Amino acid sequence: MIPARRAIQRSPEARLLAVDTAGQINQILRADFVTLLRSGDLVIANDAATLPASLRGSHVATGGAIEVRLAGWPSATFDDPRCFDAIVFGAGDYRQRTEDRPSPPVLQPGDRLALGPLSARIEALLGHPRFVTLSFDGTPDAIWADLASHGKPIQYAHVPVPLKLWDVWTPIAGAPVAFEPPSAGFALDWRSLALMRARGIRFATLTHAAGISSTGDPELDNLLPLDEPFSIPAMTAAAINAARAHRGRVIAIGTTVVRALEAAGAHGGKVRCGNGVATGRIGAGTKLRIVDAILTGTHEPGTSHHALLRAFLDETRLSRIDAELAANHTRVRRFPAH
Amino acid sequence: MDQSYNSQSKGLPSLEPPLRVAITGGTAGLGLALVREFRRRGAEVAFVARDRERLQRVARELPGTHAIVGDLARKEDIYPIALQVTGSLGGVDVLVNNASSLGPVPLALLADTECEQLELALATNLVGPFRLSRALLGALSASARQGRGAVILNIISDAATNPYPQWGAYGASKAALLHLSRIWDTELAREGVRVLALDPGDMDTELHAIALPDAAPASLRRPESAARELADAIAAALPNGELCGVPPGSDRGSVQ
């Protein structure tokens, strides 16, 4: 039998900076984050599993080597694997920074792409030469099988070991609809869920199709985050509205949960169950209606995820956190932190 | 086995989408009978097996089912299987770990059993079900949180409790699976996920014929009959429409 190696994203030594409303910063073990919560709080996590969204192959007309990264769902639902929005890269692989990758061949609607056992057609260009909508040939079951055999999770130049699917699924990962991991969910394990329950802290989930986090192209990165469909179960919506009615805090595990809940509660401050699409950016000017606090990974200044934190903290406090992270060498760049 | 079953045939809970069931070893014997039984009851079914041709044959016979190629004994196959299960069904409510390995064939005394044969039995009968259950636990617990209920059924055998000579690799692996099921059922009760371990009895299947070629088929149970009882046991462990508001664990039956 093959011995399991320790999952790199669930290090027991991982640390957490706790920042209270007064701006006071404390450092604790990430595994102890439940100690920051109190009875009546409601913790919401994103239970999306991550797709093997990186597909190697070629542009059929020119024979040019390409890598396709599935990046988003073109519609408001995420149950049909026949159609995706995608970013196309040229030759090379994740060992090169995306910024340094050559461009793919010139892409046109109607072009065919051969991606291992998968065959795809470019349906449309989305305002950029490398940003396309594509459709796969075959039945949904055949596409799932080919994605499972040929697709790899999106890889990162700063992660030395190739990531496997088991590295990018959080412990609560369910439906495979995310393009990169909702990585704040790696802070959760079944012990912490039991601890929450014992302390009177409720836990619920939603499913949010976290999109691609960066492309290495400033023009494309300006388009991020892409529109992201989400689904909120009836019991989750009821738990949120009950917590808010009883002045319990709603704590989001990760930026994707904030996006989904603020989109779902945009009208009247009540969260409705069902499907929706999160559009636009959350940032300094956003008044949060649903979420009171966030547990999140670290984010590079300048990214949309970093900007989202400005909805929780003013510039001065956020800068102090960045400085604290830099001073403690705690900026972890293993994963894009959703 | 029968004492732990509800003998009344139950329908499946009325859910939207319908109950979503994944079954390993789904192209022969009990697994195939379970695929047919759950399909007959209106469930969405994904089934896993190693042989692509047999999978396709069953998928043609039962339109609307989802056939998945995979080997539970291979670590590298587990997440691809989980991806296809959750992708094709949009989640999962019930997992039946049915695929089994006999260990050495013909059956052998433990002292004549190669270590690799024992390892293969453990990989298929214990570690594979553990890995797949764990990979699907996020989806199963999501179903439980939504009030749909969630059940893992591990197929065991009376060889898990009786020390039959020549059944060492199989019996030891099923004994471990039984105990794993008991512990996990206790741990996961608070998440609303039930873990059952049930023995379908000696059945007229390919696996049984390989193990005991001289057994008279007429003396053996039909797998269809066992599948009906197992489906009833799963239905009994799921909250029905009226029971949606009942806290998980309040209607717990005994685990064999």
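Keep in mind that what you see is a predicted model, and the values were worked out from it rather than measured.

*Asks:* What am I meant to see in the confidence of the model for chain B here?
*Replies:* Close inspection of predicted coordinates is inappropriate in any region flagged by low pLDDT. All names here are of chain B. Of the residues in chain B, 89% reach a pLDDT of 70 or more, and the chain-wide mean stands at 90. In this model residues 241–256 is a low-confidence stretch, pLDDT under 50, and it forms 24 contacts with partners more than four residues away in sequence or in other chains. Across the interfaces of the predicted complex, the ipTM metric reaches 0.93, alongside a pTM of 0.92.

*Asks:* I'm lost on the domain arrangement of chain A in this one. Help?
*Replies:* When the parts of a complex come together, some accessible area is lost, and that lost area is often taken as the interface size. All names here are of chain A. For chain A, the assigned domains are domain 1 (2–49 + 164–332) and domain 2 (53–150). A C-alpha centroid distance of 28 Å is found between domain 1 and domain 2. Contacts between the two partners involve 20 residues from domain 1, matched on the other side by 19 residues from domain 2. In total, about 1600 Å² of surface goes out of reach between domain 1 and domain 2, with carbon and sulfur atoms giving 72% of it. The tally of links from domain 1 across to domain 2 stands at one salt bridge. One salt bridge connects Asp217 with Arg130, and the closest N-O pair in it is separated by 3.6 Å. In this structure, the connection of domain 1 to domain 2 is made through three residue pairs in polar contact (both at pLDDT 80 or more). Of all the secondary-structure elements, those providing two or more residues to the side of domain 1 that touches domain 2 are strand 11 (176–178), helix 4 (218–221), strand 13 (228–232) and strand 15 (274–278). Here the side of domain 1 that touches domain 2 is built from residues that sort into 11 nonpolar, seven polar and two charged.

*Asks:* Sorry, what's going on with the sheet that holds strand 6 (residues 193–198) of chain B here?
*Replies:* The pairing of strands in a sheet comes from backbone hydrogen bonds and takes either a parallel or an antiparallel form. Residue and element names in this part refer to chain B. In spatial order, the strands read 3-2-1-4-5-6; together these six strands make up an open sheet with parallel pairing. Either end of the sheet is taken by a strand with one partner, and the two such strands are strand 3 (66–69) and strand 6. Each strand of the sheet is rotated relative to its neighbour by a mean of 15°, with strand direction disregarded. Sheet analysis places strand 2 (residues 44–49) next to strand 3, joined by four bridges and oriented parallel. Among the inter-strand pairings, Ala49 is bridged to a residue of strand 3, identified as Val69. Against the sheet, helix 4 (residues 115–145) makes contact with strand 1 (20–24), strand 4 (94–97), strand 5 (150–155) and strand 6, and its axis sits at roughly 165° relative to strand 4, the strand it touches most.

*Asks:* Would you mind showing me how to read the nonpolar core here?
*Replies:* A general tendency of soluble globular proteins is for nonpolar side chains to be buried together. Judged by nonpolar contacts, the single largest core of 75 residues is most densely connected at Val68, Leu70, Leu115, Phe136 and Trp169 of chain A. Domain assignment of the residues forming this core places at least three in each of domain 1 (2–49 + 164–332) and domain 2 (53–150) of chain A. Not counting residues within four places of it along the chain, the set of residues in contact with Val68 of chain A comprises Ala53, Ser54, Leu55, Ala86, Ile87, Val88, Leu113, Leu115 and Leu134 of chain A. In terms of nonpolar packing, the next biggest core, distinct from the first, is built from 35 residues, Leu12, Val58, Ile155 and Met203 of chain B among them.

*Asks:* Help me understand the pairing of strand 10 (residues 131–136) of chain A in this model?
*Replies:* The two faces of the sheet receive side chains in turn, since in a regular strand these alternate between them. Residue and element names in this part refer to chain A. The buried count for strand 10 comes to six of six residues, which makes it a mostly enclosed element. Taking every second residue as pointing to the same face, both faces of strand 10 are buried, with Phe131, Thr133 and Ser135 on one and Val132, Leu134 and Phe136 on the other. In terms of strand pairing, strand 7 (residues 83–89) meets strand 10 through five bridges, oriented antiparallel. Among the inter-strand pairings, Ile87 is bridged to a residue of strand 10, identified as Phe131. Counting the residues that bridge the hairpin from strand 9 (residues 118–128) to strand 10 gives two residues.

*Asks:* Looking at this structure, I do not really get the confidence of the model for chain A. What am I missing?
*Replies:* All names here are of chain A. This prediction gives chain A a mean pLDDT of 89; 94% of its residues lie at or above 70. Considering only residues more than four positions removed or in separate chains, one finds that residues 1–6, a stretch of pLDDT under 50, has 12 contacts. Contacts for the low-pLDDT stretch residues 331–337, under 50 throughout, to residues beyond four places or in other chains number 33 contacts.

*Asks:* Explain the pattern of salt bridges to me, please; I cannot follow it from the model alone.
*Replies:* Pairing is possible between side chains of opposite charge, provided their charged atoms come close. By the definition in use, this model includes 22 salt bridges over all chains. Across the pair Arg197 of chain A and Glu191 of chain B runs a salt bridge whose closest N-O atoms are separated by 3.1 Å. With Arg197 of chain A in helix 3 (residues 190–198) and Glu191 of chain B in the loop between helix 5 (168–188) and strand 6, this pair bridges two chains. For Arg36 of chain B, the salt bridge identified is with Glu61 of chain B, shortest N-O distance 2.7 Å. Taken as a pair, Arg36 of chain B in helix 1 (residues 29–40) and Glu61 of chain B in helix 2 (residues 52–61) lie far apart in primary sequence, 25 residues in all. A relative accessible area of 33% places Arg36 of chain B in the partly exposed class. Judged by its relative accessible area of 40%, Glu61 of chain B is partly exposed.

Calculation notes
Residues numbered from 1 in each chain as written. Chains lettered and ligands numbered in written order. Predicted model: local features only at pLDDT ≥ 70, side-chain atom pairs only at ≥ 80, totals over all residues. Heavy atoms only, no water. pLDDT = per-residue confidence, 0-100. Contact = heavy atoms within 4.5 Å. Domains from an automatic or database assignment. Buried area = accessible area lost by both parts, 1.4 Å probe. Salt bridge = Lys/Arg side-chain N within 4 Å of Asp/Glu carboxyl O. Polar contact = N/O pair within 3.5 Å; in protein donor to acceptor, adjacent residues only side chain to side chain. Helix = DSSP H or I, 4+ residues; strand = E, 2+ residues; numbered from the N terminus. Nonpolar A, V, L, I, M, F, W, Y, C, P; charged D, E, K, R; others polar. Pairing = 2+ DSSP bridges. Axes fitted to C-alpha atoms, helices over the stretch in contact; angles between N-to-C directions. Core = buried A, V, L, I, M, F, W, Y, C linked by side-chain atoms within 4.5 Å. Buried < 20%, exposed > 50% of the residue type's maximum accessible area, 1.4 Å probe, protein only.

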